[in-house]
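Listed below, chain by chain, are the residues.
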Amino acid sequence: MSWDETADRLVGAGADGEDQAVEAALRPKDLDEFIGQERVREQLSLVLRAARHRGATADHVLLSGAPGLGKTTLSMIIAAEMGAPIRITSGPAIQHAGDLAAILSSLTEGEVLFLDEIHRMSRPAEEMLYMAMEDFRVDVIVGKGPGATAIPLELPPFTLVGATTRAGLLPPPLRDRFGFTGHMEFYAPHELELVVHRSARLLDVEIEADGAAEIAGRSRGTPRIANRLLRRVRDYAQVKADGVVTREIARQALAVYEVDARGLDRLDRSVLDALLRLFGGGPVGLSTLAVAVGEERETVEEVAEPFLVREGLLARTPRGRVATPAAWEHLGMTPPADRGAGQGPGAAQQGLFGA
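Residues numbered from 1 in each chain as written. Predicted model: local features only at pLDDT ≥ 70, side-chain atom pairs only at ≥ 80, totals over all residues. Heavy atoms only, no water.

Over its 14 residues, helix 7 (residues 189–202) runs 20 Å from end to end, which matches the ideal 20 Å to within 8%, given 1.5 Å per residue. Looking at helix 7, one finds that the buried residues are E191, L192, V195, V196, R198, S199 and A200. D204 sits one or two residues past helix 7 and shows a positive phi near 60°. (Helix = DSSP H or I, 4+ residues; strand = E, 2+ residues; numbered from the N terminus. Expected span 1.5 Å × (residues − 1). Buried < 20%, exposed > 50% of the residue type's maximum accessible area, 1.4 Å probe, protein only.)

As a further point, take the environment of P67. Considering the arrangement of structural elements, one finds P67 in the loop between strand 1 (61–64) and helix 3 (71–82). For P67 and T165, which are 98 residues apart along the polypeptide, the C-alpha to C-alpha distance reads 6.6 Å.

Turning our attention to the pattern of salt bridges. Going through the model one piece at a time under the given rule, you end up with 18 salt bridges. Across the pair E38 and R41 runs a salt bridge, and its minimum N-O distance is 2.8 Å. Taken together, the residues E38 and R41, both in helix 2 (residues 38–54) and 3 residues apart, mark about one turn of the helix. Residue class for R41 comes out buried when judged on its relative accessible area of 15%. For R262, the salt bridge goes to E311, with nearest N and O atoms at 3.2 Å. Remark: E311 occurs in the loop between helix 13 (297–310) and strand 8 (314–317) and R262 occurs in the loop between helix 10 (247–256) and helix 11 (266–277); sequence separation between them is 49 residues. Salt bridges sharing partners connect three or more residues here, namely E214, R218, R247 and R251. (Salt bridge = Lys/Arg side-chain N within 4 Å of Asp/Glu carboxyl O.)

Taken as a whole, this structure holds 1 aromatic pair when the rule is applied. Where F136 meets F158, the ring centres are 5.5 Å apart and the plane angle is 80°; that geometry is what we call edge-to-face. Separated by 22 residues along the polypeptide, F136 in the loop between helix 5 (123–135) and strand 4 (137–142) and F158 in the loop between strand 5 (149–154) and strand 6 (159–164) bring together distant segments of the chain. F136 gets classed as partly exposed once you look at its relative accessible area, which sits at 22%. Positioned above the aromatic ring of F307 is the side chain of R220, whose terminal nitrogen or guanidinium carbon lies 3.9 Å from the ring centre. When the ring centre of F186 is taken as origin, the NZ or CZ atom of R310, which lies over that ring, is 3.6 Å away. (Phe/Tyr/Trp six-rings, centres within 6.5 Å; stacked < 30°, edge-to-face > 60°. Lys NZ or Arg CZ within 6 Å of the ring centre and 35° of its normal.)

So this is what it looks like as structure tokens:
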């Protein structure tokens, strides 16, 4: 499994076909209905209202943040607020400048172009986008070699909404051409409770307040995960109970799906378990830890570690991966007596296998 396959995990932030279909039905239609991201919503509302007041197209918008936080939803809301159609594509789909030129030349005035994973666009297309964003013009190259000719093509004013999970990979010339940049933060549990209640209402699921709180607390601060867990708990409640989602039903359902009280799943716990039981809490090299877990190095580094680090359960150090006291407590284990001396099985393994 790689980090592009996280939608296969119940707590993965990626979206599979089922998620995309359900999200389409659950998406809010305007900024007032959008839950969370207070600062981004307020700033974006000012940008859009000012553009409507001037009778102009909105500035280009860059949205950054982890998957599942609502970047695509906000892009659709931008189009709805501006009363404009939206065109959706992605960076990996644009491998040549001609691909981008074909899309740009077919835009209508005021249209919103949503470019997901914009950091993965090819360099030639990226350079063409600079001029399109700034001057609403592209140069189409006809022919090759000394006889090649650049034909300028005027574009109608449009709004580009770029979304990225890796804002640091965007070159400064591209980043500077966005008039508004918003960073999407992870959601607080009380915000996710509102998301769960709203989704339950739209999905016609009867849910109690403590049931919503239980799901929200295991959703890793991500609405997409909260909605996915809600659907799985709904299934359990319909088959094993009377269809009402209570705290106890939510706990039983998520125990079946191996999602614990902090939102850790089988992969997360196996990484922590190996780190604690086999290596005394570390430090231990990433490759060694991956072999112990039976996963690829990239899977451990890109799929499991980010959430474990964010939760304060694991630390990355120059000497290797180290478990925190919270990790020992979460798994109900006691650190070895010599933990403070930095010794234990992990030190020997580090020397054998390296990082």
